[in-house]
Amino acid sequence: MPPKIARLAGLGAFGACAAFVALFALLAYVSRHTATGGMTTALAVVTWISLGLVFASLIAVHVMIGRRLL
């Protein structure tokens, strides 16, 4: 792979990490407990933990790939 393309792909992998963090923040915001509705606190915490593990593993893989490409 040419170095310019590899560098852009590496930066794209780090950009995907930022998108994963933003998506997790959005899902955590939507699933929180509010006074007028929403999920119960226990279900919200379970959702945050399960989504956090998935997003953390995706971010770890993208960081590893991004480092190799840079």
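The rules we used
- Residues numbered from 1 in each chain as written.
- Predicted model: local features only at pLDDT ≥ 70, side-chain atom pairs only at ≥ 80, totals over all residues.
- Heavy atoms only, no water.
- Phe/Tyr/Trp six-rings, centres within 6.5 Å; stacked < 30°, edge-to-face > 60°.
- Helix = DSSP H or I, 4+ residues; strand = E, 2+ residues; numbered from the N terminus.
- Buried < 20%, exposed > 50% of the residue type's maximum accessible area, 1.4 Å probe, protein only.

Undergrad: Quick rundown of the packing of aromatic side chains? Include the residues and the values.
TA: Per the counting criterion, the structure on display carries 2 aromatic pairs. Measuring from centroid to centroid gives 6.1 Å for F20 and F55, while their planes differ by 45°, and the two rings are tilted. Of this pair, F20 sits in helix α1 (residues 3-30) while F55 sits in helix α2 (residues 41-69); the two residues are 35 residues apart in sequence, bridging distant segments of the chain. Taking relative accessible area as the criterion, F20 reaches 18% and is therefore assigned buried. The interplanar angle of 65° and the centroid separation of 6.0 Å between the aromatic rings of F24 and F55 together place this pair among those described as edge-to-face. Separated by 31 residues along the polypeptide, F24 in helix α1 and F55 in helix α2 bring together distant segments of the chain. Judged by relative accessible area, which is 26%, F24 ranks as partly exposed. Of the aromatic side chains, those joined through ring pairs into one cluster are F20, F24 and F55.

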